[in-house]
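Here are the chains, one letter per residue:
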Amino acid sequence: DTAVSQTPKYLVTQMGNDKSIKCEQNLGHDTMYWYKQDSKKFLKIMFSYNNKELIINETVPNRFSPKSPDKAHLNLHINSLELGDSAVYFCASSRLDSGGQGTDTQYFGPGTRLTVL
Amino acid sequence: GEDVEQSLFLSVREGDSSVINCTYTDSSSTYLYWYKQEPGAGLQLLTYIFSNMDMKQDQRLTVLLNKKDKHLSLRIADTQTGDSAIYFCAEDSNSGYALNFGKGTSLLVTP
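Quick caveat: nothing in here was measured; it's all calculated off a predicted structure.

Residue and element names in this part refer to chain A. Here L114 shows up in strand β11 (residues 112-116). Taking the C-alpha atoms as reference, L114 lies 15 Å from F42; in sequence the two are 72 residues apart. When neighbours within four sequence positions are excluded, L114 is seen to be in contact with L11, T13, I78, L81, D85, S86, A87 and Y89.

Glancing now at the state of the cysteines. If you walk through the whole model with that rule in mind, you get two disulfides over all chains. At a sulfur-sulfur separation of 1.8 Å, the disulfide partner of C23(A) is C91(A). In this structure the cystine formed by C23(A) and C91(A) twists about its S-S bond by roughly -75°; its chirality is therefore left-handed. With a gap of 68 residues between them, C23(A) in strand β3 (residues 19-25) and C91(A) in strand β9 (residues 87-94) connect regions that are remote in the sequence. Here the two residues C23(A) and C91(A) agree in accessibility, since each one is buried. The disulfide partner of C22(B) is C89(B), and the S-S distance across this bridge is 2.0 Å.

Cut-offs used in this document
- Residues numbered from 1 in each chain as written.
- Chains lettered and ligands numbered in written order.
- Predicted model: local features only at pLDDT ≥ 70, side-chain atom pairs only at ≥ 80, totals over all residues.
- Heavy atoms only, no water.
- Helix = DSSP H or I, 4+ residues; strand = E, 2+ residues; numbered from the N terminus.
- Contact = heavy atoms within 4.5 Å.
- Disulfide = S-S within 2.5 Å.
- Buried < 20%, exposed > 50% of the residue type's maximum accessible area, 1.4 Å probe, protein only.

What follows is the structure, given as structure tokens:
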């Protein structure tokens, strides 16, 4: 009965590879997010999607491409991985609707630790 | 995170109260949040406060909000070793579709 789940939990890969991280929420929420947490634990929003539409793209390199096949899923695909992409990536969801109504209380997944060698 | 400031470390003895402070800059924030992150784990929502409230109490947790000074605090009564974690303060962003997080306060509870 996990609310927000991510796979994989750990991802170790070589520079230059392409990888994907998957996220699913079973809370019936309209909005999903990707955050990046760096080695200093600083959390920063990358993307937010409402009902499969991109709402926020916070100056993230084009190598990062989110894909939302449906409201319950928001996957993150990363091309040409770089050393600086090593971080923990968190998916989250909230009930916020397209009009910005509802609570923004966000529920987070367990995170995916990406290590680029 | 540059708009939300927190002290980085706090150490308390078991049984004492802990107070974690946060300052934010966006006066239009509707909600302010406290999240807890245990080592190697995700973020757990602890509590949140609506911006028109001054205080919210939830068992051992007390949140105080001073809108005039844009100051938020989290008090944990009778702190236990299991409370050792990083605590993040967060505010609604201007867009309403993201949270701005502080850099987190590492709380260490010693026996």
